[in-house]
Amino acid sequence: MSEQPFTCAIVAIGDELLHGESLDTNTQWLAQRVTELGGVVGGHATVGDDIDDLVRVVGSFARVCDVVVTTGGLGPTQDDLTREALARVLGVELAEDPGAWEAVSAWFAGRGRAPSKTQRMQALVPLGGRWFENTRGTA
């Protein structure tokens, strides 16, 4: 009996993508990686910086795909809504991950700066979620 491939949806987030101000090369790259891993891309969407739209799209994909990958919307600005939207979809609160906060703090310390209060939000993850280290930045 052969193993069924996993299904994956990709959600690109940002008004700059939705309005054509920036080219979304992340979705193309992610779709290629999913296929290389033996998965099937069940769909992809571009969503602007709107929490309700993001919750609706991610929630819809989560009901029909094994994996939902998001790209964008994780920085320290007010329009970075990914973590909040994922928490809403999952019905959980956001919580600070100590390892994530340590990594954000260390990244700024390595540049002779202290992280701002706004940048601390980058250490928040949906309760029960897992933070992945980013060696190229803080998002």
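Below is a short write-up of the structure. (Residues numbered from 1 in each chain as written. Predicted model: local features only at pLDDT ≥ 70, side-chain atom pairs only at ≥ 80, totals over all residues. Heavy atoms only, no water.)

### Section: the packing of aromatic side chains
Cut-off, in case you're wondering: Paired rings are identified among Phe, Tyr and Trp, the last through its six-membered ring, by centres lying within 6.5 Å, and are further divided according to the angle between planes into stacked (under 30 degrees), edge-to-face (over 60) and tilted (the rest). Note on classification: 1.4 Å probe, protein chains only; a residue is buried when its accessible area is under 20% of the maximum for its type, exposed when over 50%, partly exposed between these limits. The criterion is that NZ of a Lys, or CZ of an Arg, lies within 6 Å of the ring centre and within 35 degrees of the ring normal, and then a charge sits over that ring.
Taken as a whole, this structure holds one aromatic pair when the rule is applied. Ring geometry for Trp 107 and Phe 108: centres 5.0 Å apart, planes at 80°, overall edge-to-face. Residue classification places Trp 107 among the partly exposed positions, given a relative accessible area of 24%. Phe 108 sits in the buried class, given a relative accessible area of 3%. For Arg 111, the ring lying beneath its charged end belongs to Trp 107, and the centroid distance is 3.8 Å. It is Arg 120 that lies over the ring of Trp 101; its NZ or CZ is 4.1 Å from the centre.

### Observations concerning the sheet that holds strand β2 (residues 40-47)
Under the convention used in this document: Two strands pair if DSSP finds at least two bridges between them. The numbering of helices and of strands both runs from the N terminus, where a helix is a DSSP run of H or I of at least 4 residues and a strand a run of E of at least 2. Every angle, taken between N-to-C directions, lies between 0 and 180 degrees, and every axis is a line fitted to C-alpha atoms, over only the stretch in contact when it is a helix. The contact criterion used throughout is that any non-hydrogen atoms of two residues lie within 4.5 Å.
Spatial ordering of the open sheet is given by β2-β1-β3, a layout of three strands whose pairing is parallel. Looking along the sheet, the strands with just one partner apiece sit at the ends: β2 and β3 (67-71). Between one strand axis and the next, the sheet turns by 20° as a mean value, whatever way the strands run. Alignment of strand β1 (residues 7-13) against β2, held across seven bridges, turns out to be parallel. In the sheet register, Ile 10 faces β2, and the bridge partner there is His 44. Strands β1, β2 and β3 of the sheet are contacted by helix α2 (residues 26-36), whose axis makes an angle of about 165° with β1.

### Remarks on the side chain of Arg 83
To keep it simple, the criterion reads: We call two N or O atoms a polar contact when they sit within 3.5 Å, provided that within protein one can donate a hydrogen and the other can accept it, with sequence-adjacent residues counted only if both atoms are side-chain atoms.
By the secondary structure assignment, Arg 83 is in helix α4 (residues 82-90). Separated by 3.1 Å, the side chain of Arg 83 and the backbone oxygen of Met 121 make a polar contact.

### Examining the packing of helix α3 (residues 51-64) against α4
So the rule is basically this: An angle below 35 degrees is treated as roughly parallel, one above 145 as roughly antiparallel, one from 65 to 115 as roughly perpendicular, and anything else as oblique. A clockwise turn of the near helix away from the far one marks a right-handed crossing, whereas an anticlockwise turn of less than a right angle marks a left-handed crossing. Residue polarity is assigned by list, with Asp, Glu, Lys and Arg as charged and Ala, Val, Leu, Ile, Met, Phe, Trp, Tyr, Cys and Pro as nonpolar; anything else, Gly included, falls into the polar class.
Between α3 and α4, the shortest axis-to-axis distance is 9 Å and the interhelical angle comes to 55°. With respect to each other, α3 and α4 are oriented oblique. In terms of crossing hand, the pair formed by α3 and α4 is right-handed. Contact residues: α3 offers Ile 51, Asp 52, Leu 54, Val 55, Val 58 and Gly 59, while α4 offers Thr 82, Glu 84, Ala 85, Leu 86, Arg 88 and Val 89. A breakdown of the residues in the contact of α3 with α4 according to their chemical character gives seven nonpolar, two polar and three charged.

### Considerations on helix α5 (residues 98-109)
Worth spelling out the cut-off: Each residue after the first adds 1.5 Å to the expected span of a helix. For this quantity, the arc is that covered by the directions from the helix axis to the C-beta atoms.
In this model α5 runs 16 Å from its N-terminal to its C-terminal C-alpha over 12 residues, within 8% of the 16 Å that 1.5 Å per residue would give. Inspection of α5 places Ala 100, Trp 101, Val 104 and Phe 108 among the buried residues, and these make up the whole buried set. End-on, the buried residues of α5 take up no more than an arc of 100°, which puts them together on one face. In this structure, α5 carries Pro 98, Glu 102 and Ala 109 as exposed residues pointing more than 90 degrees from its buried face. Of the surrounding elements, those touching the buried residues of α5 are β4 (94-96) and α6 (117-120).

### Details of the environment of Ala 100
Of note, Ala 100 is situated in helix α5. The class of Ala 100 is buried, set by a relative accessible area of 0%. Other than its neighbours up to four places away in sequence, Ala 100 contacts Ala 123 and Trp 131.

### Some remarks on the pattern of salt bridges
To keep things clear, this is the line we draw: The salt bridge definition used is simple: a Lys or Arg side-chain nitrogen within 4 Å of an Asp or Glu carboxyl oxygen.
With the rule as written, the count across this model stands at five salt bridges. The partner of Glu 36 in a salt bridge is Arg 33, and the shortest N-O contact between them spans 2.9 Å. Here Glu 36 and its partner Arg 33 are both found in helix α2, three residues apart, which amounts to about one turn of the helix. For Glu 36, a relative accessible area of 58% corresponds to the exposed category. Note on Arg 33: relative accessible area 24%, which makes it partly exposed.

Any functional reading would require information that these geometric values do not contain.
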